[in-house]
Amino acid sequence: MKICRQCKKEVPLNDFYYNVGTKDKCGSWCKQCDTKEKAKLRIERKKRLVQYFGGGCLICGYKKCLGAIEFHHKHNQKEFEINKYHSFEKMLKEAKRCKMICANCHREIHAGLAE
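Worth saying up front: this structure is predicted, and the values here are computed from it rather than measured. The numbering scheme is per chain: residues are counted from 1 as the chain's sequence reads. Given that the model is predicted, a residue must reach a pLDDT of at least 70 before its local features are reported, and side-chain atom pairs must reach 80 or more before they are shown or counted; all residues, however, enter totals for whole chains, interfaces and linings. No hydrogens and no water enter the side-chain calculation; it runs on all heavy atoms of the structure.

## Description of the nonpolar core
Phase 1 of the analysis: Leu 49, Val 50, Ile 69, Phe 71, Phe 88, Met 91, Leu 92, Ala 95, Cys 98 and Met 100 together form the largest nonpolar core, which totals ten residues.
Phase 2 of the analysis: What counts as a helix is a DSSP run of H or I of at least four residues, what counts as a strand is a run of E of at least two, and both are numbered from the N terminus. A total of four residues in this core trace back to one element, the largest contributor, which is helix H2 (residues 88–95).
Phase 3 of the analysis: By size, the runner-up hydrophobic cluster in this structure holds six residues, among which are Val 11, Phe 16, Cys 26 and Cys 33. Only buried residues count toward a nonpolar core, which is a set of Ala, Val, Leu, Ile, Met, Phe, Trp, Tyr and Cys residues joined through side-chain atoms within 4.5 Å. The buried label goes to any residue with under 20% of its type's maximum accessible area, the exposed label to any with over 50%, and the partly exposed label to all in between, with areas taken from a 1.4 Å probe on protein chains only.

As structure tokens, this is what we get:
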């Protein structure tokens, strides 16, 4: 058993992610707290990226829902998914290879109905 530094609950060791660099081979936050924090950081980074590129779809102007804004990679230029856990700087570098568009316009591009 170990106490999570975030939620302060005592939980079994298998409820912590494996961390080779620690004495007990566990991280300091339980998996649940760790996952929540990573999701929060990912959303904040995406908000920054969307604002950096104008706040909405470059084709139709849609800007209501952050979850509906996506980054379309040009063919053979994709290094990684923008929504993964990377630093803002690394995400920005990847996003500059993309076109920021809404989910509808993105589907239309892949269907050959838009560019």
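## Some words on the pattern of salt bridges
Any two side chains of opposite charge can pair, so long as their charged atoms come close to each other.
Phase 1 of the analysis: The term salt bridge refers to a pairing of a side-chain nitrogen on Lys or Arg with a carboxyl oxygen on Asp or Glu at a separation within 4 Å. Applying the stated criterion across every chain yields a total of five salt bridges.
Phase 2 of the analysis: Of the charged contacts, one joins Glu 44 and Lys 47 as a salt bridge, the two residues approaching to 3.5 Å between their closest N and O atoms. Within this pair, Glu 44 and its partner Lys 47 are both found in helix H1 (residues 31–52), separated by three residues, close to a single helical turn.
Phase 3 of the analysis: Judged by its relative accessible area of 40%, Lys 47 falls in the partly exposed class.
Phase 4 of the analysis: Residues Glu 70 and Arg 107 are paired through a salt bridge, measuring 2.8 Å at the closest nitrogen-oxygen approach. Taken together, the residues span a long stretch of sequence, with Glu 70 in strand S5 (residues 69–73) and Arg 107 in helix H3 (residues 103–110) at a distance of 37 residues.
Phase 5 of the analysis: We classify Glu 70 as buried; its relative accessible area is 19%.

## Brief notes about the side chain of Asp 34
Phase 1 of the analysis: Looking at the element boundaries, Asp 34 is found in helix H1.
Phase 2 of the analysis: Residue contacts follow a heavy-atom distance rule, with two residues in contact if any of their heavy atoms lie within 4.5 Å. Setting aside residues no more than four positions away along its own chain, Asp 34 makes contact with Tyr 17 and Trp 29.

## Considering the packing of H1 against H2
Describing two packed helices takes the angle between their axes plus the distance from one axis to the other.
Phase 1 of the analysis: In this analysis, axes come from line fits to C-alpha atoms, helices being fitted only over the stretch in contact, and the angle between any two N-to-C directions falls in the range 0 to 180 degrees. Close contact between H1 and H2 brings their axes to 10 Å; oriented N to C, the two are set at 40°. In terms of orientation, H1 and H2 fall into the oblique class. When the axes of H1 and H2 are compared, the crossing they make is right-handed. On H2, the residues that touch Arg 45, Arg 48, Leu 49 and Tyr 52 of H1 are Phe 88, Met 91, Leu 92 and Ala 95. Any angle that falls under 35 degrees is termed roughly parallel, while one over 145 is termed roughly antiparallel, one within 65 to 115 roughly perpendicular, and all others oblique. Left-handed describes a crossing whose near helix is turned anticlockwise from the far helix through less than a right angle; right-handed describes the clockwise counterpart.

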